[in-house]
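This is what each chain is made of:
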Amino acid sequence: MITSFREAELAGWSTRSASYDQHLSPITNQVIAPIIAALGPLDGRRVLDVCCGPGHLAGSLAAEGAAVEGVDFAASMIAKAGENYPRLTFQVGDAEALPHASDTFDHVVCAFGVMHLRRPESAIAEAFRVLRPKGRFVFTQWGKDDEVLNIVLSAIADHGTPISDLPDAPPPLRFSDPRECRRVLEASGFTEVRDDLIETTWTNERPKALLDLIYGGAVRVAMMLEAQEPARRARIHDAILGAAKAHVFDGTVVIRRPVVVASGTKPSSA
Ligand SMILES: C[S@@+](CC[C@H](N)C(=O)[O-])C[C@H]1O[C@@H](n2cnc3c(N)ncnc32)[C@H](O)[C@@H]1O
């Protein structure tokens, strides 16, 4: 029986490496170029990709000339990343207690990882620790106007019941607020802190594919749906489908997913 948030996340991600790569990577890959832009020159730089998932950010950083390593706590994600990029080094490890020495990397990146952590401050402190002075840390998080999350959460609010036996979880949208990203980065010692809002979109020919995206590419909302009793869950699915149909333009479902890109530099005196 799953008793903690971390256990639930680990169990969820461990069974989703293939479905995540199929359904979510086409969206999360849209932040790779902005992350690379936020880092500056990469040739020969050592970069760590934390919560690397299927490894595409690491792969793109390597293509830009960086010496990249990836770390993720789900062994199946690490296996998928190794399949996708066999020449790169990926290892199982926890973002909140990185298995790397201090002052090792020129840059650290973490795409869509912080909302999955019990103690995101510990992971940000770890990024600071393993960075060399003047190194840059960049992380991303879905923005507060993310239409996918809003559709699912409204459908659950309208047709579901609150579920009391899910593990106690940190607030999912905390880092969707750019001010909170800045506050935590500054409190962790980072300088030259920035937050930028960028647009990503999910597009598909089939409205029903939104359910595949949710169940195959997310853990927490999938758990919230799976915990509903069948009749309510069916109504929630209908509401999600109805919302997807309302987003059809010229035969294609187009759903906006704004993303916060937050970054900071480890000062040279640290
Ligand atoms: C939403 S996915 C992001 C994957 C990838 N970075 C991307 O942009 O597509 C979140 C990833 O964080 C990993 N993760 C969650 N909690 C973690 C932790 N405590 N330590 C390391 N990895 C973690 C999950 O296994 C999953 O691969």
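Coordinates for the structure precede this section.
Residues numbered from 1 in each chain as written. Predicted model: local features only at pLDDT ≥ 70, side-chain atom pairs only at ≥ 80, totals over all residues. Heavy atoms only, no water.

1. Some details on the side chain of Glu126
Right, on to step 1. In this fold, Glu126 is placed in helix α7 (residues 120-130).
Right, on to step 2. Leave out the neighbours within four places in its chain, and Glu126 touches Ala95, Glu96, Ala97 and Leu98. (Helix = DSSP H or I, 4+ residues; strand = E, 2+ residues; numbered from the N terminus. Contact = heavy atoms within 4.5 Å.)

2. Topic: the packing of helix α10 (residues 209-217) against helix α12 (residues 230-245)
Right, on to step 1. Interaxial distance between α10 and α12 falls to 9 Å at its minimum, and their mutual angle equals 120°. Classified by the angle their axes make, α10 and α12 are oblique. Of the residues in α12, those touching α10 at Leu210, Leu211, Ile214 and Tyr215 are Arg233, His237, Ile240 and Ala244.
Right, on to step 2. Residues belonging to the contact of α10 with α12 are distributed by class as follows: six nonpolar, one polar and one charged. (Axes fitted to C-alpha atoms, helices over the stretch in contact; angles between N-to-C directions. Parallel < 35°, antiparallel > 145°, perpendicular 65-115°, else oblique. Nonpolar A, V, L, I, M, F, W, Y, C, P; charged D, E, K, R; others polar.)

3. Quick look at the side chain of Lys80
Right, on to step 1. Counting through the fold element by element, Lys80 comes out in helix α6 (residues 75-84).
Right, on to step 2. A residue is classified by how much of its surface remains accessible, and Lys80, at 16% relative accessible area, is buried.
Right, on to step 3. Excluding anything up to four places from it in sequence, Lys80 contacts Ser17, Ala18, Asp21 and Pro54. (Buried < 20%, exposed > 50% of the residue type's maximum accessible area, 1.4 Å probe, protein only.)

4. Let's talk about the pairing of strand β1 (residues 46-50)
Right, on to step 1. Across the five residues that make up β1, a large majority, four, are buried.
Right, on to step 2. Here β1 runs beside strand β2 (residues 67-72); their pairing, made up of five bridges, is parallel. The partner of Arg46 across the bridge, within β2, is Ala67.
Right, on to step 3. As a crossover connection, the stretch from β1 through helix α5 (residues 56-63) into β2 is right-handed.
Right, on to step 4. Pairing between β1 and strand β4 (residues 105-111): three bridges, direction parallel. Opposite Asp49, over in β4, you have Val109 as the bridge partner. (Pairing = 2+ DSSP bridges. Right-handed = clockwise from strand over helix to strand, strands pointing away.)

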